[in-house]
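Okay, here's what each chain looks like letter by letter:
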Amino acid sequence: MELGWAGLFLALFILSRWNESPQPEPLWAEFPELPPTESGSRFAPNTFNRFAPRKPYPKRERAADRVRLRVASDTVTAQWLEARGWPDWKAQGFVRDRDRWGGVDSTLMARWDDRSDFDWDLHAPAPMELNSAPEDALYQHPLWRSAQVRALHRFRSKVRPLRNLKEVFALAPFDSAQKVEIPKYFYVKN
């Protein structure tokens, strides 16, 4: 209880000292007073004229004047794409898909280059002959499922070489997208 009274009296003592001391003059009181101008304003005339001509902006490079880089889709590396602003996951995915598909055509390019940063030299994958295609390449290719590759390999090794694509599609179930896309990447030599 005595400590509480001591704190109260200390606070009153500090308050009385603060009220007795003179307040310092504000900082802005030291600034010189500007005389009024003929327009009645205290500010200097023409400090800002919104109708005065301004400095021209530096000219921006137009898209038509810019020289776009030409990039060969079959030899570009992920490091080069990352250095040009592509995220690392995108550059590595592009190179991985190019290796899996055997090249890059316009449909695969539309998947990766949504900004159209470069002029691409597309090198579409050369079609692969199904009777001589290695089993590992078929497993790696995105169009083929493992059950389809096993059925194809079993037919080639135990029965005979394939004669046409109708035989291929009869070996295992293929969906409609595969039936459209596989002839672009694979063929059967008679």
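For the structure itself, look to the data block above.
In this report, the structure presented in the accompanying data block is examined.

Conventions we followed
Residues numbered from 1 in each chain as written. Predicted model: local features only at pLDDT ≥ 70, side-chain atom pairs only at ≥ 80, totals over all residues. Heavy atoms only, no water. Core = buried A, V, L, I, M, F, W, Y, C linked by side-chain atoms within 4.5 Å. Buried < 20%, exposed > 50% of the residue type's maximum accessible area, 1.4 Å probe, protein only. Helix = DSSP H or I, 4+ residues; strand = E, 2+ residues; numbered from the N terminus. Contact = heavy atoms within 4.5 Å. Phe/Tyr/Trp six-rings, centres within 6.5 Å; stacked < 30°, edge-to-face > 60°. Salt bridge = Lys/Arg side-chain N within 4 Å of Asp/Glu carboxyl O. Polar contact = N/O pair within 3.5 Å; in protein donor to acceptor, adjacent residues only side chain to side chain. Patch = residues over 30% accessible without salt bridge, like charges linked within 9 Å, V, L, I, M, F, W, Y side chains within 5 Å. Areas by Shrake-Rupley, 256 points an atom, 1.4 Å probe, with all protein chains shown as cover.

### What about the nonpolar core?
(1) Moving on: Core analysis: the biggest nonpolar cluster contains 33 residues, and Phe94, Trp120, Leu130, Trp144 and Val168 have the highest contact counts within it.
(2) Moving on: Listing elements by their share of this core, those giving two or more residues are helix H2 (78–83), helix H3 (88–101), helix H4 (106–112), helix H6 (146–158), helix H7 (165–171) and helix H8 (176–185).
(3) Moving on: Those residues within four positions of Phe94 in sequence are excluded, and the remaining contacts are Ser73, Val76, Leu81, Trp86, Val104, Met109, Trp112 and Trp120.

### Topic: the packing of aromatic side chains
(1) Moving on: Scanning the entire structure with this criterion turns up 5 aromatic pairs.
(2) Moving on: Residues Trp144 and Phe174 carry aromatic rings whose centres are separated by 5.6 Å and whose planes lie at 85° to one another, so their mutual orientation is edge-to-face. Placement of the pair is Trp144 in the loop between helix H5 (135–140) and H6 and Phe174 in the loop between H7 and H8, with a sequence separation of 30 residues. Assigned by exposure class, Trp144 and Phe174 land together as buried.
(3) Moving on: Centre to centre, the rings of Phe169 and Phe174 are 5.1 Å apart; their planes meet at 75°, and the pair counts as edge-to-face.

### Notes on the environment of Pro173
(1) Moving on: Tracing the backbone shows Pro173 in the loop between H7 and H8.
(2) Moving on: For the pair Pro173 and Arg145, spaced 28 residues apart in sequence, the C-alpha separation works out to 9.9 Å.

### With respect to the pattern of salt bridges
(1) Moving on: Taken as a whole and judged by the stated rule, the model has 3 salt bridges.
(2) Moving on: Here Glu167 makes a salt bridge to Arg160, at a shortest N to O gap of 2.6 Å.
(3) Moving on: Using a relative accessible area of 24% as the deciding quantity, one classes Arg160 as partly exposed.
(4) Moving on: A salt bridge links Glu181 to Lys184; its shortest N-O distance comes to 3.2 Å. Highlighted residues: Glu181 and Lys184, both in helix H8, separated by 3 residues, approximately one helical turn.
(5) Moving on: Lys184 sits in the partly exposed class, given a relative accessible area of 47%.

### Considerations on the environment of Asn164
(1) Moving on: Following the sequence through the fold, Asn164 ends up in the loop between H6 and H7.
(2) Moving on: Once the C-alpha coordinates of Asn164 and Tyr187 are considered, the two residues, 23 residues apart in sequence, prove to be 8.0 Å apart.
(3) Moving on: There is a polar contact of 3.3 Å between the side chain of Asn164 and the backbone nitrogen of Lys166.
(4) Moving on: Side-chain polar atoms of Asn164 contact the backbone nitrogen of Glu167, separated by 2.9 Å.

### Thoughts on a nonpolar patch on the surface
(1) Moving on: On the surface, Met1, Trp5, Leu8, Phe9, Leu12, Leu15 and Trp18 cluster together to form a nonpolar patch covering roughly 850 Å² of accessible area.
(2) Moving on: Residue classification places Leu8 among the partly exposed positions, given a relative accessible area of 42%.

### Regarding the environment of Arg156
(1) Moving on: Take Arg156: it is sitting in helix H6.
(2) Moving on: Residues Arg156 and Leu130, spaced 26 residues apart in sequence, show a C-alpha to C-alpha distance of 9.6 Å.
(3) Moving on: When near neighbours in sequence (up to four residues on either side) are disregarded, Arg156 contacts Leu130, Asn131, Ser132, Ala133, Glu135, Leu138 and Leu162.
(4) Moving on: In terms of polar contacts, Arg156 uses its side chain to reach the backbone carbonyl oxygen of Leu130, at 2.4 Å.

### Digging into the side chain of Arg98
(1) Moving on: Assignment of secondary structure puts Arg98 in helix H3.
(2) Moving on: Within polar-contact distance, the side chain of Arg98 engages the backbone oxygen of Val76 at 2.7 Å.
(3) Moving on: When sequence neighbours within four positions are dropped, the list of residues in contact with Arg98 reads Ser73, Asp74, Thr75, Val76, Gly103, Val104 and Leu108.

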